[in-house]
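Here is what each chain is made of, one letter per residue.
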Amino acid sequence: DAKTTQPNSMESNEEEPVHLPCNHSTISGTDYIHWYRQLPSQGPEYVIHGLTSNVNNRMASLAIAEDRKSSTLILHRATLRDAAVYYCIRSNFNKFYFGSGTKLNVKP
Amino acid sequence: GAVVSQHPSRVICKSGTSVKIECRSLDFQATTMFWYRQFPKQSLMLMATSNEGSKATYEQGVEKDKFLINHASLTLSTLTVTSAHPEDSSFYICSAYSGGFSDTQYFGPGTRLTVL
């Protein structure tokens, strides 16, 4: 199965770090991992993507396991605006494979 | 990040009419554009992949004669829902991809279609 596996939902407290897991055990050597987040009635927003090494940007960090069969999106300090559905996606050139997403709830 | 626009953002039409949705990549050239539909509380479902200058590739179960896709330029793709019916009511989202191996896709804001 080319899709990724994510928990249906997670909860976090505001100002605390959040680790969102993703399983992609059948990933191939050339597949990238992408993360997007989506608010209701909006298109998904790009968060981060990477191949093998851990990646950092202003929004988040992406930690990819050494065997690449899993990855973790890290939000360093959750805010209420981070509450969204987070999608972990595998890609190989122009083929993108969606999972079902994790709904993140952030408590004040 | 790159910007992708969609127009219209919301459309209400009568059953039997056709509706056209435009998707534009505003600041990069998109060799590939994707069209998705999303039902409430569900993930995005890929409908078709369109490459500039060639025919779209439709996913299994998606009627190509009902959902007409045109990708005439590197910055514009259109989806036309022909003879729309209430069951076609959904959230339609496009995305654009520049084609590089390490590139990602950027999504438009979506179009809410309601067929009465």
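Residues numbered from 1 in each chain as written. Chains lettered and ligands numbered in written order. Predicted model: local features only at pLDDT ≥ 70, side-chain atom pairs only at ≥ 80, totals over all residues. Heavy atoms only, no water.

## Quick word on the state of the cysteines
Simply put, disulfide is the name for a covalent bond between the sulfur atoms of two cysteines. Inclusion rule: Any pair of cysteine sulfurs within 2.5 Å is marked as a disulfide. Where helices and strands are cited, they refer to DSSP runs of H or I of at least four residues and of E of at least two residues respectively, numbered from the N terminus. Burial classes: relative accessible area under 20% of the type maximum marks a residue as buried, over 50% as exposed, and values in between as partly exposed (1.4 Å probe, protein chains only).
Evaluated as defined, the whole model comprises two disulfides over all chains. A disulfide bridge connects Cys22 of chain A with Cys88 of chain A, and the sulfur atoms are separated by 2.0 Å. Across the disulfide from Cys22 of chain A to Cys88 of chain A, rotation about the S-S bond amounts to roughly -80 degrees, and the bridge is consequently left-handed. With Cys22 of chain A in strand S2 (residues 18-23) and Cys88 of chain A in strand S8 (residues 84-92), the pair connects residues that are 66 residues apart, well separated along the chain. As far as the burial class goes, Cys22 of chain A and Cys88 of chain A line up, both buried. With its sulfur 2.0 Å from that of its partner, Cys23 of chain B forms a disulfide with Cys94 of chain B. Disulfide Cys23 of chain B-Cys94 of chain B: torsion about the S-S bond near 80 degrees, hence right-handed. With Cys23 of chain B in strand S3 (residues 19-25) and Cys94 of chain B in strand S9 (residues 90-97), this residue pair connects regions lying 71 residues apart in the sequence.

## Brief notes about the interface of chain A and chain B
Where interface size is quoted, it is often the accessible area lost as the parts come together. Worth spelling out the cut-off: By the convention used here, residues are in contact when the closest approach between their heavy atoms is within 4.5 Å. Each of two parts loses accessible area, computed with a 1.4 Å probe, when they are put together; buried area is these two losses added. When a carboxyl oxygen of Asp or Glu is within 4 Å of a side-chain nitrogen of Lys or Arg, the pair counts as a salt bridge. By the criterion applied in these results, polar contacts are pairs of N or O atoms within 3.5 Å in which, for protein atoms, one can donate a hydrogen and the other can accept it, and in which residues neighboring in sequence qualify only through two side-chain atoms.
Contact residues are listed per partner, giving 18 residues for chain A and 22 residues for chain B. Each partner contributes to the roughly 1700 Å² buried at the junction of chain A and chain B, and carbon and sulfur atoms together form 59% of this total. In this assembly, chain A and chain B are joined by zero salt bridges. For the pair chain A and chain B, the interface holds nine residue pairs in polar contact (both at pLDDT 80 or more). When residues of the side of chain A that touches chain B are traced back to their parent elements, those giving at least two are strand S3 (32-38), strand S4 (45-50) and strand S9 (95-98) of chain A. Sort the elements by how many residues they give to the side of chain A that touches chain B and S3 of chain A lands first, with four residues.

## Re the sheet that holds strand S7 (residues 67-73) of chain B
All names here are of chain B. Note the cut-off: When DSSP finds two or more bridges between a pair of strands, those strands are recorded as paired. Axis lines are fitted through C-alpha atoms, for helices just across the contact stretch, and the angle between N-to-C directions can take any value from 0 to 180 degrees.
Strands sit in the order S1-S3-S8-S7 across an open sheet of four strands; the sheet is antiparallel. Two strands lie at the open edges of the sheet, namely strand S1 (4-7) and S7, each paired on one side alone. The average angle at which neighbouring strand axes cross in this sheet is 15 degrees, direction not considered. Sheet topology places S3 next to strand S8 (residues 76-81); six bridges connect them, and they run antiparallel. By the bridge assignment, Cys23 is partnered in S8 with Ser77.

## Some remarks on the sheet that holds S2 of chain A
Strand pairing in a sheet relies on backbone hydrogen bonds, with the paired strands running either antiparallel or parallel. All names here are of chain A. Spatially, four strands are ordered S2-S7-S6-S5 in an open sheet, and the strand pairing comes out antiparallel. The two strands at the open ends of the sheet, each matched to only one other strand, are S2 and strand S5 (55-56). Relative to strand S7 (residues 70-75), S2 runs antiparallel, the two being bridged by six bridges. Counterpart to Leu20 in the pairing with S7 is Leu73.

## A word on the pairing of strand S4 (residues 32-38) of chain B
Residues and elements named next belong to chain B. Counted residue by residue, S4 has seven buried out of seven residues, so it is predominantly covered. Along S4, one buried face is formed by Thr32, Phe34, Tyr36 and Gln38 and the opposite face, lined by Met33, Trp35 and Arg37, is buried too. Between S4 and strand S5 (residues 45-51), which pair antiparallel and follow one another directly, the connecting turn spans six residues, one of which, Lys41, has a positive phi of 60 degrees. Looking at chain direction, S4 and S9 are connected through seven bridges and run antiparallel. For Thr32, the partnering residue across the bridge sits in S9 and is Tyr97.

## What about the layout of surface pockets?
Over the atoms rolls a probe the size of a water molecule, and in doing so it shows where empty space is left. Going by this rule: Using only the protein atoms, space was sampled on a 1 Å grid; points where a 1.4 Å probe fits but cannot get out form cavities, open sets with protein on both sides within 12 Å along at least five of seven lines form pockets, and lining residues are those with an atom within 4 Å of a point. Grid points are joined across faces, edges and corners, and a volume is the space filled by probe spheres set on the points. Asp, Glu, Lys and Arg are counted as charged, while Ala, Val, Leu, Ile, Met, Phe, Trp, Tyr, Cys and Pro are counted as nonpolar; the rest, among them Gly, fall into the polar class.
Its volume calculated, the largest pocket comes out at about 560 Å³. Taken together, 22 residues make up the lining of the largest pocket; nearest its centre are Pro40 and Val85 of chain A together with Gln38, Lys41 and Gln42 of chain B. Elements supplying a minimum of two residues to the lining of the largest pocket: S8 and strand S10 (102-107) of chain A. Considering only residue class, the lining of the largest pocket consists of ten nonpolar, nine polar and three charged.

## Digging into unusual backbone geometry
Put simply, His7 of chain B and Pro8 of chain B share a cis peptide bond, and its omega is 0 degrees. Relative to the elements of secondary structure, Pro8 of chain B occurs in the loop between S1 and strand S2 (10-13). Here the phi dihedral of Ser41 of chain A falls at roughly 60 degrees; this positive angle occurs in a residue that is not glycine. Positive phi values are uncommon outside glycine, yet Ser83 of chain B reaches one of about 45 degrees. Locating Ser83 of chain B in the fold gives a position in the loop between S8 and S9. Classification of Ser83 of chain B by relative accessible area gives partly exposed; the value is 33%.

Any link to function would need more than the numbers given here.
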